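# Coordinate analysis (summary)
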Amino acid sequence: FITCLVVIIVAIPEGIPLAMAIAWGHSLKHMIAQNLRVKNLASCERLAECNTICIDKTAGLTLNKMELMECYLDGVLFSSIAEANISSESTILLCEGICTNTTAHIIKDNKHPSQVKKIGSELECTLLEYAKRLGYEYENWRHRGDIVAQIPFHKEKRIMGTAIRKSNAICRVYVKGSYETVLERCIKEITKGGKIKELTLFELEDTIHQIPKKGRKALGLAYKDMEIKSIEGITEESELENILFRDLILIGVLGIKDPIIPDVPASISNCKNAKITVRMITSEDSEAAKAIALKCNIITPVDIEKGTQNIILDGEQIEKHVGGLSSRFDKYGQLTQKIKYEYKFMELASNLRVLAKASSLHKLLLVIGLTFQKLNVVAMTGHEALDRECLKKAHIALATCINFTDIAK
């Protein structure tokens, strides 16, 4: 008995780290089988304490497999893009706009000749496949036009544009972006037979809002012709935006479906039963975000009927209410960020379940505010380079999606 007691006393202090490492390693094998990779083993232990999850809509809640559904073209709202009977003028403008304002590629898969390989944004690949069905090969159009000016897509501004030379003096500007951003810059729209009429934004919004109300990503496309000399010599991007993105002619609005991952609603219900709060973050507008959150069980019809305050907020709304972020150096000389009015954030965050129209700054503001509350253990998902700071600030960082960046990892 004394010998056994001595062995136990000696072995336990030395064996605990080894036993823990073996247990973690065993758990890690099971997690890898479920497509989970753990970079920091200690985070597994912290994960059990998590009571708040901030999750991206794309790749976190949805499959990231886009499909074109409804569309507003030729001044008519079609319930299915397959049934859309649009004029040749609108078809040309739509396809040229898609081919010009995309950077994705669709190539043959050498390993599987009957399949194709998509490189770049899933959304752009879906648009390119639609243009191809209408007879437009994007490779031909990208190299055909002489690019006079180009403004790449900004996630915060939610718009991009390219000016293509049409003649020695005239260029055509194609613009693509979120439907709200594009609509507010349009003064006319193209209708049946290529006719152009004045755009009545108030009447049009009621019609087009039917697309995001179904949970679709609504994408706006527009164009205009202008003189090349009006942008020659301009190097400042902000000045170029003011010229290219004004007085546009609306081509149409496309509704894009991104299906919910099948087991998401049940998983979120389990989180609620475990007293874990799930908050969805998306760049979509409030209407689309609400529809998706209802499908995922993040919010319920009862919440909507009761009119629960602050359950859905835009990124700009929350930034305005809390005064944004303030930066200062602590006593150790390290730069720290805090929310300016933390008490206001706590009032908003208690009911907040959906953050819509969110940029990387709004996402960072949310995670800093939640981690400031001592009782919270916050898990944050991310898959882009812009999510780097958010993942660093969270207690638990989860890099999601098949094509997540090395920076996110």
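Within any chain, residue numbers begin from 1 and follow the written order of that chain's sequence. Local features in this predicted model are restricted to residues whose pLDDT is 70 or higher, and side-chain atom pairs enter the listing and the counts only when it is 80 or higher, whereas totals over whole chains, interfaces and linings include all residues. Think of the side-chain values as coming from all heavy atoms in the structure, minus any hydrogens and water.

Working definition: with a 1.4 Å probe on protein chains only, accessible area under 20% of the residue-type maximum means buried, over 50% means exposed, and in between means partly exposed. Each helix is a run of DSSP H or I of at least 4 residues and each strand a run of E of at least 2, with the numbering of both proceeding from the N terminus. Counting buried residues along strand β1 (residues 52–56), 5 of its 5 residues qualify, which places the element largely inside the surrounding structure. Side-chain alternation along β1 places Thr52, Cys54 and Asp56 on one buried face and Ile53 and Ile55 on a second face that is also buried. Summarising the sheet, β1 and strand β18 (residues 378–382) pair through 3 bridges and their orientation is parallel. Looking at the pairing, Thr52 lines up with Val378 of β18. Strand pairing requires that DSSP identify at least two bridges connecting the strands.

In this section: the nonpolar core. Formed by 33 residues in total, the largest nonpolar core has its most connected members in Leu68, Cys71, Leu94, Ile98, Ile251 and Leu254. Looking at this core, the elements with two or more residues in it are β2 (67–73), α3 (88–100), α4 (122–133), α5 (138–144), β11 (217–227) and β12 (248–257). It is α4 that contributes the most residues to this core, 6 residues altogether. In what follows, residue pairs with any heavy atoms lying within 4.5 Å of each other are defined as contacts. The contact partners of Cys71, leaving out residues within four places of it in the chain, are Val76, Leu77, Phe78, Ile81, Ala84, Val253 and Leu254. One finds Ile159, Val173, Ile208 and Ala218 within the second-largest nonpolar core, a separate group that totals 28 residues. Nonpolar core, defined: a set of buried Ala, Val, Leu, Ile, Met, Phe, Trp, Tyr and Cys residues in which side-chain atoms within 4.5 Å join the residues together.

Position of Arg158 relative to the elements: it lies in the loop between β6 (147–154) and β7 (159–165). In this structure, Arg158 is in contact with Phe153, Gly177, Ser178, Glu180, Thr181, Ser283, Glu284 and Lys357, ignoring residues within four places of it in sequence.

The subject of this paragraph is the pattern of salt bridges. A side chain with one charge can pair with a side chain of the opposite charge if their charged atoms come near. For salt bridges, the criterion is a side-chain nitrogen of Lys or Arg within 4 Å of an Asp or Glu carboxyl oxygen. Evaluated as defined, the whole model comprises 18 salt bridges. The salt bridge partner of Arg158 is Glu180, with a shortest N-O separation of 3.6 Å. Here the residue Arg158 occupies a position in the loop between β6 and β7, and Glu180 occupies one in helix α6 (residues 179–183), the gap between them amounting to 22 residues. In this structure, the salt-bridge partner of Arg388 is Glu389, at a minimum N-O distance of 2.9 Å. We classify Arg388 as partly exposed; its relative accessible area is 40%. Residue classification places Glu389 among the partly exposed positions, given a relative accessible area of 31%. In the salt-bridge network here, residues are joined through shared partners; they are Asp56, Lys363 and Asp387.

Turning next to the packing of aromatic side chains. Any two of the Phe, Tyr and Trp rings considered here, Trp counted by its six-membered ring, make a pair once their centres fall within 6.5 Å; the pair's planes then place it as stacked at under 30 degrees, edge-to-face at over 60, or tilted in between. In total, this model carries 2 aromatic pairs according to the counting rule given. Criterion for a charge above a ring: Lys NZ or Arg CZ within 6 Å of the ring centre, and within 35 degrees of the ring normal. The ring centre of Tyr341 lies 5.0 Å from the NZ or CZ of Lys344, which sits over that ring.

This part covers the environment of Leu244. Of note, Leu244 is situated in helix α8 (residues 237–244). For Leu244, a relative accessible area of 0% translates into the label buried. Residues Leu244 and Tyr223, 21 residues apart in the sequence, show an inter-C-alpha distance of 9.3 Å. Once you skip the residues sitting within four places of it in the chain, Leu244 turns out to touch Ala149, Ile151, Ala163, Val173, Val175, Lys224, Met226 and Ile231.

Shape descriptors only; they carry no functional weight alone.
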